[in-house]
Amino acid sequence: MTIDTEIRHVTKPGANLFLELGFAPDEAKRLQAASRKQINDTRLLKQQLMEELSTWIVEHHLKQAEAAEILMVSRPRVSDVVNKKTAKFTIDTLVEMLSRVGKPVKLTIG
């Protein structure tokens, strides 16, 4: 059995993926804008959660290794939080980490 790994099409950076998928131009533009907004909103939420964790670490004068033990993650994961590497985390993971340090997250919908 062979697996087909041939690349037949590559979407150029910055291109509208929805347009390439065959959506009408107006719909593709709307979908791309909505997608970018959702991605940005998620990134901002992750940054806020990471800021809370970073502040907690500083306030408790913890080294990353000490914080990692309390948060039940590796030291490099703590470094990723402190350096706001949002792409490496889900919102769930960050909420769970905050819960472990006594900072439960409450959701407000506005």
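Up top you'll find the structure we're talking about.
Report follows, based on the coordinates. Quick caveat: nothing in here was measured; it's all calculated off a predicted structure. (Residues numbered from 1 in each chain as written. Predicted model: local features only at pLDDT ≥ 70, side-chain atom pairs only at ≥ 80, totals over all residues. Heavy atoms only, no water.)

## Some points on helix α3 (residues 64-71)
Heads up, the rule is: Each residue's exposure class comes from its accessible area (1.4 Å probe, protein chains only) as a fraction of the maximum for that residue type: buried when under 20%, exposed when over 50%, partly exposed otherwise. Only DSSP runs of H or I covering at least 4 residues are called helices, and only runs of E covering at least 2 are called strands; the numbering of each starts at the N terminus. Note: the arc covers the axis-to-C-beta directions of the helix.
Every buried residue belonging to α3 is among A67, A68 and L71, and all of these are buried. Down the axis, α3 shows its buried residues gathered within 105 degrees of arc, on one side only. Positive backbone phi, approximately 60 degrees, marks M72, located one or two places after α3.

## Remarks on the packing of α3 against helix α4 (residues 75-82)
Which entries qualify depends on this criterion: Here the axes come from fitting lines to C-alpha atoms, over the contacting stretch only for helices, and the angles between their N-to-C directions go from 0 to 180 degrees. Note on terminology: angles under 35 degrees are roughly parallel, angles over 145 are roughly antiparallel, angles of 65 to 115 are roughly perpendicular, and the others are oblique. Only heavy atoms enter the contact rule, under which two residues are in contact if any of them lie within 4.5 Å. Just so you know the grouping, Ala, Val, Leu, Ile, Met, Phe, Trp, Tyr, Cys and Pro go in nonpolar, Asp, Glu, Lys and Arg go in charged, and all remaining residues, Gly too, go in polar.
As a packed pair, α3 and α4 sit with axes 8 Å apart at the nearest point and diverge in direction by 105 degrees. The angle between α3 and α4 places the two elements in the roughly perpendicular class. Residues Q64, A65, A67, A68 and L71 of α3 form the contact with α4, whose participating residues are R75, V78, S79 and V82. Its residues placed into classes, the contact of α3 with α4 shows six nonpolar, two polar and one charged.

## A short note on unusual backbone geometry
Within the chain, H61 stands out as a residue other than glycine whose phi angle is a positive 50 degrees. You can see H61 is positioned in the loop between α2 (25-59) and α3. Phi is positive for M72, which is not a glycine, with a value near 60 degrees. As for its position among the elements, M72 is in the loop between α3 and α4. Taking the relative accessible area as the measure of exposure, M72 reaches 59% and is therefore exposed.

## What about the packing of α2 against helix α5 (residues 91-100)?
What counts here: Crossings are classed by handedness, with left-handed meaning an anticlockwise turn of the near helix from the far one by less than a right angle and right-handed meaning a clockwise turn.
The contact between α2 and α5 brings their axes to 10 Å, and the two run at 20 degrees. In this view, α2 runs roughly parallel relative to α5, as classed from their interaxial angle. Considering only the axes of α2 and α5, their crossing is left-handed. Of α5, the residues touching α2 (which contributes T42, L45, K46, L49, M50, E52 and L53) are I91, L94, V95, M97 and L98. Residue composition of the contact of α2 with α5, grouped by class: nine nonpolar, one polar and two charged.

## What to know about the environment of H60
Just so we agree on the cut-off: Pairs of N or O atoms are called polar contacts if they sit within 3.5 Å, as long as, within protein, a hydrogen donor faces a hydrogen acceptor (for residues adjacent in sequence, only side-chain-to-side-chain pairs).
Relative to the helices and strands, H60 is located in the loop between α2 and α3. The class for H60 is partly exposed, based on a relative accessible area of 44%. A sequence separation of 31 residues divides H60 from I91, and the C-alpha atoms of the two residues are 23 Å apart. Here W56 takes part through its backbone oxygen, which lies 2.9 Å from a polar atom of the side chain of H60.

## Examining the packing of aromatic side chains
The cut-off we apply is this: A pair of aromatic rings is counted whenever rings of Phe, Tyr or Trp (Trp by its six-membered ring) have centres within 6.5 Å, and the orientation is called stacked for planes under 30 degrees apart, edge-to-face for over 60 and tilted otherwise.
Across all of its chains, the model carries one aromatic pair by this definition. With a centroid separation of 6.1 Å and 70 degrees between ring planes, the pair formed by F18 and F23 is classed as edge-to-face. We classify F23 as partly exposed; its relative accessible area is 35%.

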